[in-house]
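Overview (structure and organization)
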Amino acid sequence: MDWYQKLGISEKVRRLGAESEERLAEQFARIDAIAENNQLKVLAAFQKHKVSAECFSGTTGYGYNDDGRDTLEKVYASAFGGEAALVRPQITCGTHALALALSANTRPGDEILSPVGRPYDTLEEVIGIRPSRGSLAEYGVTYDEAELLADGSFDYEGIRQKINKNTRLVTIQRSRGYASRPTLSVAQIGELIAFVKKINPDIICMVDNCYGEFVEEEEPLSAGADMIVGSLIKNPGGGLAPIGGYIVGTKECVENAAVRLTSPGLGKEVGASLSVLRDFYQGFFLAPTVVAAAVKGAVFAADVFGQLGFTVRPAADEIRHDIIQAIEFGTPEGLCAFCEGIQAAAPVDSFLKPVPWDMPGYDDPVIMAAGAFVSGASIELSADGPLRKPYAAYFQGGLTYPHVKYGILSGLQKLYDASLV
Ligand SMILES: *Cc1c(COP(=O)(O)O)cnc(C)c1O
């Protein structure tokens, strides 16, 4: 059976895909080698901490003596290279994990510095860059930032000037998110941390690790970070975690976060895991290959659309540090057609047609395509973009490479069908 034909992909589009795959053999081999390394790293952590079937049973109520939960946190700490970890379904999302890490590790009078420019949108209200109820600013924690230089490198002189006696915590966002700055490699993050620690070794260096987990062989803790923070419905949940966030790092940072998440005096001892543990474990076990599928898909999209003359960021031959791919369509029709193709390729809600809508907090309408098993999970195939120049789609995720590949070809087919390419 010719399933591509049956699922609406023309011979021409299919051939373009095949040509791209031939060009990408080397990139794909590199991505597979990273996945292989990370798979063994995760497996070693499971074995070291003697993960057993009992670990999956879960607790209710207070969650005292939740061995499965405690062992999972040891597994995360080992695999990511930290002393301790907090991995909990009570952490509702990435923003919550970051807010927790920041608020738990600062006190009134302290200052937070972002040496990589403005942080992710939702953190503006957490920190109080945009005034917001309950922000850190309301608790007397101040904020400063140093922009990256025009070529995307660190403004070391500017950073040095911004560090003062109140600077308590430096926050470094690994992924570009939806900004135009480049994504940082773990090596670059290591250089930045070394610079900060040379000025004052007591400054806590936190990395927003969202979208970066398992894209490289090392995580930022091995480059000197004090804690890394992320969401379980992105990379490390492997598509199976239905909720959750993590903080991994020094005992001190993680303990601070634990007493803030639950309560002083209780810390990590409470927090029932209910019935999520097996998905947390199995998702973490699958995450290295799931992330590799997503990265391959991003590279494939960059090559297919790059060859057709669209501006793609990063380019197909660039080494990846996160799973996000931007494709500039130049017209609203192109952006919408691509998103329709992604939606049509989903295992869930494939029959819906995405339409642009006025999302709170955005000046322009936004179009979003996602048909996910876990609502809003961006480790699953998804695309979105604001309807403004250059009409870029931000595309990420995909649990298996064949599915991402089909999604990209489906997006391209929609453009051909509408004579937009
Ligand atoms: C997704 C993301 C966040 C926020 O995570 P949510 O789960 O959406 O709250 C923060 N920082 C970066 C870089 C992200 O990609």
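Residues numbered from 1 in each chain as written. Predicted model: local features only at pLDDT ≥ 70, side-chain atom pairs only at ≥ 80, totals over all residues. Heavy atoms only, no water.

Topic: the overall build of the protein
We count it as follows: Each helix is a run of H or I in the DSSP string that is no shorter than four residues. Each strand is a run of E no shorter than two, and both are numbered from the N terminus. C-alpha atoms define the radius of gyration in this analysis, and the globule rule sets the expected value at 2.2 Å times the number of residues to the power 0.38. Between buried and exposed lies partly exposed: a residue is buried under 20% and exposed over 50% of the maximum accessible area for its type, with that area taken using a 1.4 Å probe on protein chains only. Between two residues, a contact is recorded if the distance between any of their heavy atoms is within 4.5 Å. Per-residue and other accessible areas were derived by the Shrake-Rupley procedure at a 1.4 Å probe size, with only the shown protein chains allowed to occlude residues. In this tally, Asp and Glu contribute negative charge and Lys and Arg positive charge; neither His nor the terminal groups of the chain are included. Charged groups are reduced to one reference atom each: NZ for lysine, CZ for arginine, CG for aspartic acid, CD for glutamic acid.
Counting its regular elements, the protein contains twelve helices and twelve strands. Computed over its C-alpha atoms, the radius of gyration of the protein comes to 21 Å, within 12% of the 22 Å expected for a compact globule of 421 residues. The buried share of the protein, reckoned over its 421 residues, is 55%. Here the analysis covers contacts within the protein between residues at least 6 apart in sequence; of these, 70% occur between residues at least 24 apart. In the form shown here, the protein has an accessible surface area of approximately 18000 Å², with 53% of it arising from carbon and sulfur atoms. A distance of 1 Å separates the average location of the 38 positive side-chain charges in the protein from that of its 53 negative side-chain charges.

Side note on a nonpolar patch on the surface
The condition is simple: Nonpolar side chains (Val, Leu, Ile, Met, Phe, Trp, Tyr) within 5 Å and like charges within 9 Å form the patches, drawn only from residues with over 30% relative accessible area and no salt bridge. The term salt bridge refers to a pairing of a side-chain nitrogen on Lys or Arg with a carboxyl oxygen on Asp or Glu at a separation within 4 Å.
Together, L40, L43, F285 and L286 make up a nonpolar patch on the protein surface, roughly 310 Å² of accessible area in all. Positionally, F285 belongs in helix α10 (residues 277-307).

Describing the packing of aromatic side chains
In plain terms, the rule: Ring pairs shown here join Phe, Tyr and Trp side chains whose ring centres sit within 6.5 Å, with only the six-membered ring taken for Trp; geometry is labelled stacked below 30 degrees between planes, edge-to-face above 60, and tilted in between. Consider the ring centre and the ring normal. A charge sits over the ring if Lys NZ or Arg CZ is within 6 Å of that centre and within 35 degrees of that normal.
This model, assessed by the stated rule, comprises 22 aromatic pairs. Consider the rings of Y76 and F80, whose centres lie 5.7 Å apart with planes at 85°: the pair is edge-to-face. Placement of both Y76 and F80 in helix α4 (residues 67-80) is noted, with a separation of four residues, approximately one turn of the helix. F80 matches Y76 in its accessibility class, with the two residues each being buried. Counting every residue linked through ring pairs, the aromatic cluster contains Y76, F80, F214, Y246 and F284. Directly above the aromatic system of Y211 lies the positively charged group of K234, at a separation of 4.2 Å from the ring centroid. The ring of Y401 has K296 lying over it, and the distance from NZ or CZ to the ring centre is 5.9 Å.

Topic: helix α3 (residues 25-48)
Definition in use: Take the residue count of a helix, subtract one, and multiply by 1.5 Å to get its expected span.
Compared with the 34 Å implied by 1.5 Å per residue over 24 residues, the 35 Å span of α3 between its first and last C-alpha is a close match. Among all positions in α3, only Q27, F28, I31, I34, A35, N38, Q39, V42, A45 and F46 are buried. Those residues of α3 that are buried lie in contact with α2 (11-23), α4, α10 and α12 (401-417). One or two steps after α3, the chain reaches K50, where phi turns positive at roughly 50°.

Section: the packing of helix α5 (residues 94-104) against helix α9 (residues 251-261)
Rules: To define axes, lines are fitted to C-alpha atoms, for helices over the stretch in contact only, and angles between the resulting N-to-C directions are given on a 0 to 180 degree scale. Note that the term roughly parallel is reserved for angles under 35 degrees, roughly antiparallel for angles over 145, roughly perpendicular for angles of 65 to 115, and oblique for everything else. In this count, Pro and Cys sit with the nonpolar residues alongside Ala, Val, Leu, Ile, Met, Phe, Trp and Tyr, while Asp, Glu, Lys and Arg are called charged and the others, Gly among them, polar.
Running from N to C, α5 and α9 cross one another at 110°; their axes reach a closest spacing of 8 Å. Viewed along their axes, α5 and α9 adopt a mutual orientation that is roughly perpendicular. Each of H96, L100, S103 and A104 in α5 lies in contact with α9, whose residues at this interface are N256, A257, R260 and L261. In the contact of α5 with α9, the residues fall into four nonpolar, three polar and one charged.

Comments concerning the site of the ligand
We apply this condition: What makes a residue near a molecule or strand is one non-hydrogen atom of that residue sitting within 4 Å of it. Any N or O atom pair separated by 3.5 Å or less is treated as a polar contact, with the protein-specific requirement of one donor-capable and one acceptor-capable atom, and with residues adjacent in sequence counted only for side-chain atom pairs.
Around the ligand, the structure places C93, G94, T95, L98, Y120, Q173, D208, C210, Y211 and K234. One of the side-chain N or O atoms of T95 is found 2.5 Å from an oxygen atom in the ligand. Side-chain polar atom of D208 to a nitrogen atom of the ligand: 2.6 Å apart, as the coordinates give it. Here the ligand has 380 Å² of accessible area as a free molecule, and 89% of this is covered by the chains. Top contributing element to the shell around the ligand by residue count: α5, with three residues.

Topic: the packing of helix α11 (residues 332-344) against α12
What counts, and what does not: Here a crossing is taken to be left-handed if its near helix is turned anticlockwise relative to the far helix by less than a right angle, and right-handed if that turn runs clockwise.
Direction vectors running N to C along α11 and α12 enclose 135°, while the axes themselves pass 7 Å from each other. Between α11 and α12, the angle is such that the two are oblique. Between α11 and α12 lies a crossing of right-handed hand. For the pair α11 and α12, the contacting residues are G334, A337, F338, E340, G341, I342 and A344 in the first and G407, I408, S410, G411, K414 and L415 in the second. Among the residues making up the contact of α11 with α12, the classes are represented as six nonpolar, five polar and two charged.

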